[in-house]
Amino acid sequence: MTVTITDVSAILTQPGPSRLVIVKVRTSEPGLYGLGCATFTQRVHAVEAAIEQHLKPFLIGRDVDRIEELWQMSMVHGYWRNGPVLNNAISGVDQALWDIKGKRAGMPVYQLLGGKSREAASVYVHASGRDPHEVEDSARTLIEEGYRNVRIQMGGYGGEAANLHRPKDAPEGNYFDPRAYSRSMLGMIEHVRTELDPAIELLHDIHERLNPIDAVQFAKDVEQYRLFFLEDMFAPEDIGWFRTVRQQCATPLAMGELFNNPHEWRGLIVDQLIDFVRMHVSQVGGITPARNIAIFAGTFGVRTAWHGPGDTSPVGHAANLHLDLWAPNFGIQEWYQPSELEYEMFPGLPTISDGYLYPNERPGLGIEIDEELAAQHPCEDIIEQWTQTRRPDGSSARP
Ligand code: MG
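Student: Whenever I open this one, the coordination of the magnesium ion confuses me. Can you help?
Tutor: For a metal with four donors in a tetrahedral arrangement, the ideal angle between donors is 109.5 degrees, while six donors in an octahedron ideally sit at 90 or 180 degrees. Surrounding the magnesium ion are the protein donor atoms Asp205 (OD), Glu231 (OE) and Glu257 (OE), at 1.9 to 2.3 Å. Counting gaps between the donor residues of the magnesium ion yields the pattern D-x25-E-x25-E. Pair noted here: Glu231 is in strand 8 (residues 229–231) and Glu257 is in the loop between strand 9 (253–255) and helix 9 (262–270), with a separation of 26 residues, a long-range link. Relative accessible area serves as the criterion here: at 0%, Glu231 is assigned to the buried category.

Okay, here's the thing in structure tokens:
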């Protein structure tokens, strides 16, 4: 008998710094439902409306088994497509349908994708500090916990904001100096690389803060430190510069957390201009497109490194892990070290041991949500500060 969708709802909660959006798809089979991640933390109410006012009426009564068809139809049903709000909403439903299919099959989702290529996913975590010594100490703490791959940042994404040469009456904001960034980060990376065991892999995220030609110089300058990868050295608007840097150095490059549209990653993969795709899985539309991206990238020798900080929900992290366990071209997984509250709110949240992320063997995505607990932690509606980014003269910049 056909099992159909009977309800689609958005659960908004904030157990930590990030506002999360979880989709729950209920079905005609008593007790059978699925969960998915639709987290676009800066615009949760827009995603909630897309889910409950636009996707839900379209999806009620549809066959839960037809994941592919529902994904394709959801993407074109609004005619205008590939924006972050709609993609996240579609992802929530898509992941929930994979969860449901796994529960119906009695198998974890990685089995439906083709089965395990590995027992666990190797992860990297974030070290930071105000100066190179603090970053080194932060990294050492993580290494003692068993992590082998560490992303090193200093003074937030823009580097140290003190001593900026600002004009009079410059407005408030999240200031940074791109040229100073290059100088101070190179010093920090050299320090940490020199002090730590060479077997510990280091990563760095430029977060699109440099002018493109300065980013090219930065990639050349860090080549000697053999980073595991250098992330987001260009903004999506500047991806044409990848060809320039690729011709000049062998620093491994990772890109993609802001991508929405296949046009954004297709050329980078086909021309082998990057080494890792690291899209926010909900931002591209869920497991269905992420699976296709992984297969496509693998054909060209490009590995996966799905976006995985705190603004991916625990359900999204579970989805990432199922992709990681299956993908033959898995590279590494970003991991955010969830709080005790998050483990309590999301039973089944993957667990870490000695730098590896492990799944449970429950059917589907293997994760639940305690909705009563989630309701006790509602989203706080704030005006985001860290994205109000400015250069020293006060002009607006990309965060
Ligand atoms: Mg990043």
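Student: Whenever I open this one, a negative patch on the surface confuses me. Can you help?
Tutor: A cluster of acidic residues, Glu340, Glu344, Asp370 and Glu372, forms a negative patch at the surface. Note that Asp370 resides in the loop between strand 14 (356–358) and helix 14 (371–375).

Student: Please clarify how helix 11 (residues 287–299) should be interpreted in this entry.
Tutor: Every α-helical turn comprises 3.6 residues, leaving residues that sit three or four positions apart pointing alike. Compared with an ideal rise of 1.5 Å per residue, which puts 13 residues at 18 Å, helix 11 spans 18 Å between its outermost C-alpha atoms and is within 8% of the ideal. Among the residues making up helix 11, those that are buried are Ile287, Thr288, Pro289, Ala290, Arg291, Ile293, Ala294 and Ala297. Following helix 11 by one or two positions, Gly301 adopts a phi angle in the positive range, close to 75 degrees.

Student: Is there a simple way to think about the nonpolar core in this case?
Tutor: Of all hydrophobic cores here, the largest spans 113 residues; its most connected members are Met233 and Phe242. In terms of domain composition, this core takes at least three residues from each of domain 1 (5–106) and domain 2 (112–368). If we ignore the near neighbours within four places in the chain, the residues touching Met233 are Ile206, Ala215, Val216, Ala219, Phe242, Val245 and Leu253. Counting 8 residues, the second-largest nonpolar core is a separate cluster that includes Phe229, Ala254, Phe276 and Ile332.

Student: Hey, could you run me through the pattern of salt bridges in this one?
Tutor: One side chain can pair with another of opposite charge once the charged atoms of both are near each other. Counted by the stated rule, this structure contains 23 salt bridges. Linking Asp7 and Lys56 is a salt bridge whose minimum nitrogen-to-oxygen distance equals 3.2 Å. Of this pair, Asp7 sits in strand 1 (residues 5–13) while Lys56 sits in helix 1 (residues 44–59), and the two are 49 residues apart along the sequence. By relative accessible area, Lys56 is classed as partly exposed at 28%. One continuous salt-bridge network, built from bridges that share partners, spans Glu231, Glu257, Arg278 and Glu334.

Student: How should unusual backbone geometry be read in this particular structure?
Tutor: Leave glycine aside and you will find that most residues have negative phi; peptide bonds, for their part, are mostly trans. Within the chain, Asp232 stands out as a residue other than glycine whose phi angle is a positive 45 degrees. Within the secondary structure layout, Asp232 lies in the loop between strand 8 and helix 8 (242–246). A relative accessible area of 5% means that Asp232 is categorised as buried. Phi at Gln272 takes a positive value of approximately 50 degrees, unusual for a residue other than glycine.

Student: Mind showing me how you'd approach the pairing of strand 1 here?
Tutor: On any regular strand, side chains alternate: one points to one face of the sheet, the next to the other face. A large share of strand 1 lies buried, amounting to 8 of its 9 residues. In this structure, strand 1 lies alongside strand 2 (residues 20–27), joined through 8 bridges in antiparallel fashion. Each bridged residue has a counterpart across the sheet, and for Ala10 the counterpart in strand 2 is Val23.

Student: How should the domain arrangement of the protein be read in this particular structure?
Tutor: Many structure descriptions define interface size as the accessible area lost when the parts assemble. Assigned domains within the protein: domain 1 (5–106) and domain 2 (112–368). Here domain 1 and domain 2 have C-alpha centroids that lie 26 Å from each other. The interface of domain 1 with domain 2 comprises 31 residues on the first partner and 33 residues on the second. Taking both sides of the interface into account, the surface hidden between domain 1 and domain 2 amounts to around 2,500 Å²; carbon and sulfur atoms contribute 60%. Sorting the residues of domain 1 by area buried against domain 2 places Pro15, Gln95 and Trp98 first, and these three jointly supply 24% of that buried surface.

Basis of the calculations
- Residues numbered from 1 in each chain as written.
- Predicted model: local features only at pLDDT ≥ 70, side-chain atom pairs only at ≥ 80, totals over all residues.
- Heavy atoms only, no water.
- Donors = N, O, S within 2.8 Å, 3.2 Å for Na, K, Ca; no water.
- Helix = DSSP H or I, 4+ residues; strand = E, 2+ residues; numbered from the N terminus.
- Buried < 20%, exposed > 50% of the residue type's maximum accessible area, 1.4 Å probe, protein only.
- Patch = residues over 30% accessible without salt bridge, like charges linked within 9 Å, V, L, I, M, F, W, Y side chains within 5 Å.
- Areas by Shrake-Rupley, 256 points an atom, 1.4 Å probe, with all protein chains shown as cover.
- Salt bridge = Lys/Arg side-chain N within 4 Å of Asp/Glu carboxyl O.
- Lys, Arg positive; Asp, Glu negative; His and termini not counted.
- Charge placed at Lys NZ, Arg CZ, Asp CG, Glu CD.
- Expected span 1.5 Å × (residues − 1).
- Core = buried A, V, L, I, M, F, W, Y, C linked by side-chain atoms within 4.5 Å.
- Domains from an automatic or database assignment.
- Contact = heavy atoms within 4.5 Å.
- Pairing = 2+ DSSP bridges.
- Buried area = accessible area lost by both parts, 1.4 Å probe.

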